[in-house]
Amino acid sequence: MLLIDGKKTSEEIKSEIAARVAEIKVEGGKIPHLAAILVGSDGASQTYVGAKVKSCEQVGFQSTLVRLEESVSEDELLKVVEEINKNPEIDGLIVQLPLPKHISVEKVTNKIKPEKDVDGFTPANVGRMTLGWPAYVAATPYGIVELLKRYNVETSGKHCVVIGRSHIVGSPMSILMARNEYPGNCTVTLTHSRTQNLAEITKTADILIVAIGKPEFVTADMVKEGATVIDVGIHRVEDSSKKSGFRLIGDVKFDEVAAKASAITPVPGGVGPMTIASLLYNTLLAAEGKVYAK
Ligand code: NAP
């Protein structure tokens with residue numbers, strides 16, 4: 001069984017990005033600059049944004065964190081987005097989700113200039129990705145594609161089953177795996193909560209990508225012998241043996257599925273670290289004008 005190590009791969013990608021930043025400095029070019037907007041004080045969101053900002057420092061990017069009160073109005077938030085859209089110093093902008101209920105995620109996402117949308121959430125970038133045009137691809141699916149590539153997982157002609165159809169993971173993943181390029185060229189089945197006989201379908205998957213958001217949902221009896229299994233889920237469960245008081249588990253019951261799979265991502269250390277590496281890579285592309293011609 002091959003352990004697909006996202007932590008190691010993400011460190012390699014970050015080193016490659018840092019090397020490029022060092023070259024840019026020598027060339028006297030513009031240092032990539034990522035801005036993040038955080039609304040409110042949700043613990044998980046603060047952790048995620050903090051990790052993104054720290055990773056920017058690690059690779060030599062500039063970063064700006066804009067913190068707004070939970071009570072900020074939609075109009076005020078839209079104005080902040082617009083200011084960053086217009087700021088030539090900033091190459092990439094992310095708005096940490098979730099947003100408070102009184103703010104429309106769609107409106108805010110749609111306000112982000114596609115050229116700075118390094119999360120790949122705007123309709124422009126989703127459309128471009130779907131058409132196979134240069135695009136900022138959402139960080140989590142992009143990270144998975146990169147893992148498949150760097151671990152030379154054969155995808156052409158394979159049956160890829162995706163569990164979950166969220167806009168940020170499952171849906172773009174299904175599009176990417178069906179593309180006429182590597183990794184891709186799969187026959188893709190996208191499953192969701194209305195899917196009938198899910199286990200019968202997952203058992204036919206050569207590549208199983210799980211983004212269902214239910215702890216250890218996928219068990220060995222749902223997986224074909226020799227499948228490649230990508231676990232996107234992240235859940236905290238209490239564990240008094242840990243200093244932190246919790247441990248992380250995925251959407252896949254790791255030990256029993258690993259015994260059957262030919263390759264699998266662990267949680268933690270699988271897809272999670274790749275998400276940040278992809279965001280940094282998209283920001284580098286933005287700074288260098290590689291997706292939208294400047
Ligand atoms: P989500 O928006 O909650 O979507 C879950 C999907 O699973 C939905 O499409 C839902 O179907 C489907 N589903 C629910 N119950 C099902 C069932 N019994 N059978 C088949 N499908 C079912 O989740 P998400 O945002 O994609 O995230 C999924 C997991 O990945 C979460 O644990 C999240 O924390 C994690 N995540 C990790 C990263 C990372 O960086 N590693 C990034 C993003 C998310 P319906 O559409 O019909 O409701």
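Residues numbered from 1 in each chain as written. Predicted model: local features only at pLDDT ≥ 70, side-chain atom pairs only at ≥ 80, totals over all residues. Heavy atoms only, no water.

- The name given to the protein in an unreviewed UniProt entry is Bifunctional protein FolD, and the organism recorded there is Belliella aquatica.
- Reading the Pathway (unreviewed entry) entry of the UniProt record for the protein gives the comment "One-carbon metabolism; tetrahydrofolate interconversion."
- What UniProt states about the protein under its Sequence similarities (unreviewed entry) heading is, verbatim, "Belongs to the tetrahydrofolate dehydrogenase/cyclohydrolase family." (UniProt positions renumbered as here; feature names shortened; annotations may be inferred.)

1. Describing unusual backbone geometry
Backbone geometry follows two general trends: most residues other than glycine have a negative phi, and most peptide bonds adopt the trans configuration.
Phase 1 of the analysis: That bond from tyrosine 182 to proline 183 is cis: its omega, -10°, falls within 30 degrees of zero.
Phase 2 of the analysis: With respect to the helices, strands and loops of the structure, proline 183 is situated in the loop between helix 7 (170–178) and strand 6 (187–191).
Phase 3 of the analysis: Here the bond from valine 267 into proline 268 is cis, since omega is 0°, no more than 30 degrees from zero.
Phase 4 of the analysis: Residues other than glycine seldom take positive phi values, yet asparagine 152 does so here, at roughly 50°. (Helix = DSSP H or I, 4+ residues; strand = E, 2+ residues; numbered from the N terminus.)

2. A few points about the sheet that holds strand 11 (residues 263–264)
Phase 1 of the analysis: Strand order in the open sheet made by the six strands is 1-11-8-7-5-6, with parallel pairing throughout. What marks the edges here is a single partner per strand, and that holds for strand 1 (2–3) and strand 6.
Phase 2 of the analysis: In this sheet, strand 7 (residues 207–210) lies alongside strand 5 (residues 159–163) in parallel orientation, the contact comprising four bridges. Residue isoleucine 163 lies in a different strand from strand 7, and its bridge partner there is valine 210. (Pairing = 2+ DSSP bridges.)

3. Quick notes on the UniProt feature "domain: Tetrahydrofolate dehydrogenase/cyclohydrolase NAD(P)-binding" (unreviewed entry) in the protein
Phase 1 of the analysis: Mapped onto this structure's residue numbering, the UniProt feature "domain: Tetrahydrofolate dehydrogenase/cyclohydrolase NAD(P)-binding" (unreviewed entry) falls at residues 139–288.
Phase 2 of the analysis: Regarding residues 139–288, the helix share stands at 32% and the strand share at 19%, and the terminal C-alpha atoms are separated by 18 Å.

4. Regarding the pattern of salt bridges
Phase 1 of the analysis: Here the structure, examined in full by the defined rule, presents 17 salt bridges.
Phase 2 of the analysis: Residues glutamate 16 and arginine 150 are paired through a salt bridge, measuring 2.9 Å at the closest nitrogen-oxygen approach. With glutamate 16 in helix 1 (residues 6–27) and arginine 150 in helix 6 (residues 139–150), the pair connects residues that are 134 residues apart, well separated along the chain.
Phase 3 of the analysis: Residue glutamate 16 is classed as partly exposed on the basis of its relative accessible area, which comes to 43%.
Phase 4 of the analysis: Taking the relative accessible area as the measure of exposure, arginine 150 reaches 30% and is therefore partly exposed.
Phase 5 of the analysis: The salt bridge partner of glutamate 146 is arginine 150, with a shortest N-O separation of 2.9 Å. With a gap of four residues between them, glutamate 146 and arginine 150 both fall in helix 6, about one helical turn apart.
Phase 6 of the analysis: With a relative accessible area of 14%, glutamate 146 lands in the buried category.
Phase 7 of the analysis: Within this structure, Arg20, Glu23, Glu27, Glu288 and Lys290 form a network of salt bridges that share partners. (Salt bridge = Lys/Arg side-chain N within 4 Å of Asp/Glu carboxyl O. Buried < 20%, exposed > 50% of the residue type's maximum accessible area, 1.4 Å probe, protein only.)

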